[in-house]
Amino acid sequence: MEGGINNVAAEMDLDRPSGDQIPQSQPIDATQVVNLAGGFVWQIDGISRLRRFICLGCEGGTYYASQKELTIENIQSIKKLVSGGRGLDVVREIEQFSLEGRTAKQDNILFVLAYCARQTEDRDTKIAAYEALPKICRIPTHLFAFVGFAEKLSKSGEGKETTGWGRAHRRAIANWYTRYANAPAKLAMHVTKYKNRNGWTHFDLFRLSHVKTDRAELGAIFRYVVKGLGAAKEQFLKEPAAATPALLEIFKFLQAVEDTKTVDAENVDKIVSLIEENHLVREHIPTQFLKSIEVWRVLLRDMPMTALMRNLAKMTSIGLLKPGAEETAQVVLKLSDDDKIKEARIHPFNVLNALLTYRSCKGAKGSLKWQACPEIEQALDDMFYKAFKFVEPTGKRFLLAVDVSGSMTVCNVIGSAAMTSYQAAAAMMMTTLRTESNCEVCAFDTTLTPMKVKPEFKLPETMLAFEGFLCGNTDCAAPMLYALEHKKEVDVFVIYTDNDTWYGDIHPAAALRNYRKEMGIYDAKLIVTAFSASEFSIADPEDPGMLDIAGFDSGAPETMRQFVLGNI
């Protein structure tokens, strides 16, 4: 199909540098392809598509493509990169994005890692993948997901090993556990907090990887997982001389975890005591105690940032968090801590999702309801901007254009039931509006409407401002046409879109070139911020003044800044 399209384009008069009067339903360049909406666009390169896939995923599909179709297309793109000799580049890319916390979810990174680890013909890519495994799989949840993906890939014929548990795989999984030789308490927390995922348990991984250790503390944890606490004590504490302080501390913690399972439902004080003395977390606590304010009050003291965001609704619903309460002030302080946000690799999407969910005052599933605390809403709003990499202003003149066409309302971004593409786009737009002092904000579908959005607006307030414009087709040339018609001096056009464009009498790339020529701003730039994991972009890859980026890469604002300044 693409070959046919290119032949059509080659037969047309493509010598006109501006592309005047050629609608988006026809090509202006022989390298263009037709997108799922029927418009002609450019196909992004493999690494750019990889970034979209790991940052945006395929959950929910798009207006024109199903989730399954997008998933298949992205897998094929990854295969093409690896088979084309770029496997090491792929591993480096996913490792960097994972370590820098640039993606909202790890699952797509873990799938790509598993695919690279399955490469029996590309030894270098396979070795690199397994070397990256402990850096990317930082908690057992990640490890279980990786193992699950690896097994499915083996059974689907992606690797030659029929079971998927070859020597390299077994060694890598075993090493994941034995690397905690000098931090056994951390491993004890891991195996009791994250017990299983998708049918996989630590027992399964111990058995299949043949994990072994000569360190008593690790051995005690392994025995506990496989045979239980009694068997572990019998083996490692039968000789008094073997009871080192470190080993006794491990057993004290494991005993506390087991004790929670037998505490009488009315004995809240006992559970509170176990939590305080052993630093237990929510996952250790039986369900019947999770309605207690006293239990949540003590859990809150050492609650990690991600867990805190996930449990805001629960703690509010039971009355622990309310306006003016000491615990509310404690939560606000944690959510405002720059160092904790950075240390926890909090992704802005997850903050935004938490804000929208919390503000909705009801759970997406179940009957949980609460009255949102204004102080917490404000803290989450502020936290959203802090979660991006710090960005300094460029001093350039920006036109920020948010696509409000019908397709932007259909798809849930990164699988979030609380967020559509236009809401995500509006939120991303605010990161630039708050950074740059010279910005004009617009909403567009087939026409463009200037918006009175101010930097001090809260995120929900900003999203609400766009809701009255949600309809129609998509003409991504509208921002440049508007700026030219009104003689607006713009250095940088930023378009936030899902790229499902086909409508309009001129291509966006051609409209930008016309704008440059007519306004005499020859280095005017176009940044396309994508909110779908498709392979299409309106940005011409051959034009150094156009850039395509994934919309929910937490490093996107800094990438945009470097591009605007001419550094990339």
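This text goes with the structure placed above it.
Note that this is a predicted model, so its numbers are computed, not measured.

Draft legend 1. Structural view of the overall build of the protein chain. Scanning the protein chain from N- to C-terminus turns up 25 helices and eleven strands. Counting across all 568 residues of the protein chain, residues that qualify as buried make up 54%. Contacts in the protein chain between residues at least 24 apart in sequence constitute 71% of all its contacts with a sequence separation of at least 6.

Draft legend 2. Molecular detail of the pattern of salt bridges. Using the criterion set out here, one finds 24 salt bridges in the structure. For the salt bridge of K261 with E258, the shortest nitrogen-to-oxygen distance reads 3.0 Å. Take E258: its relative accessible area is 22%, and that puts it in the partly exposed class. Its salt-bridge partner being K340, residue D337 comes within 3.6 Å of it at the nearest N-O pair. Shared partners join several salt bridges into a network, and the residues in it are R513, R516, D540 and D543.

Draft legend 3. The arrangement of the packing of aromatic side chains in detail. Counted under the stated rule, the structure contains twelve aromatic pairs. Here Y130 and F146 contribute two aromatic rings whose centre-to-centre distance is 6.4 Å and whose plane-to-plane angle is 80°, an arrangement assigned as edge-to-face. Taken together, the residues Y130 in helix α5 (residues 123-136) and F146 in helix α6 (residues 140-155) connect sequence positions 16 residues apart. Ring centres of W176 and Y177 lie 5.1 Å apart, and the angle between their planes is 75°; on these two criteria the pair is classed as edge-to-face. A single burial state applies to W176 and to Y177, both of which are buried.

Draft legend 4. Inspection of the side chain of T316 at higher detail. Inspection of the secondary structure puts T316 in helix α16 (residues 312-317). Relative accessible area serves as the criterion here: at 6%, T316 is assigned to the buried category. Reaching out from T316, the side chain makes a polar contact with the side chain of Y358 at a distance of 3.0 Å. Residues in contact with T316, not counting those within four places in the same chain, are L321, Y358, W370 and Q371.

Draft legend 5. Structural view of the side chain of R118. Turning to its location among the elements, R118 is positioned in the loop between α4 (107-117) and α5. The exposure class of R118 is buried, given its relative accessible area of 3%. Only 2.9 Å separates the side chain of R118 from the side chain of S154, close enough to count as a polar contact. Reaching out from R118, the side chain makes a polar contact with the side chain of H169 at a distance of 3.3 Å.

Procedures and definitions
- Residues numbered from 1 in each chain as written.
- Predicted model: local features only at pLDDT ≥ 70, side-chain atom pairs only at ≥ 80, totals over all residues.
- Heavy atoms only, no water.
- Helix = DSSP H or I, 4+ residues; strand = E, 2+ residues; numbered from the N terminus.
- Buried < 20%, exposed > 50% of the residue type's maximum accessible area, 1.4 Å probe, protein only.
- Contact = heavy atoms within 4.5 Å.
- Salt bridge = Lys/Arg side-chain N within 4 Å of Asp/Glu carboxyl O.
- Phe/Tyr/Trp six-rings, centres within 6.5 Å; stacked < 30°, edge-to-face > 60°.
- Polar contact = N/O pair within 3.5 Å; in protein donor to acceptor, adjacent residues only side chain to side chain.

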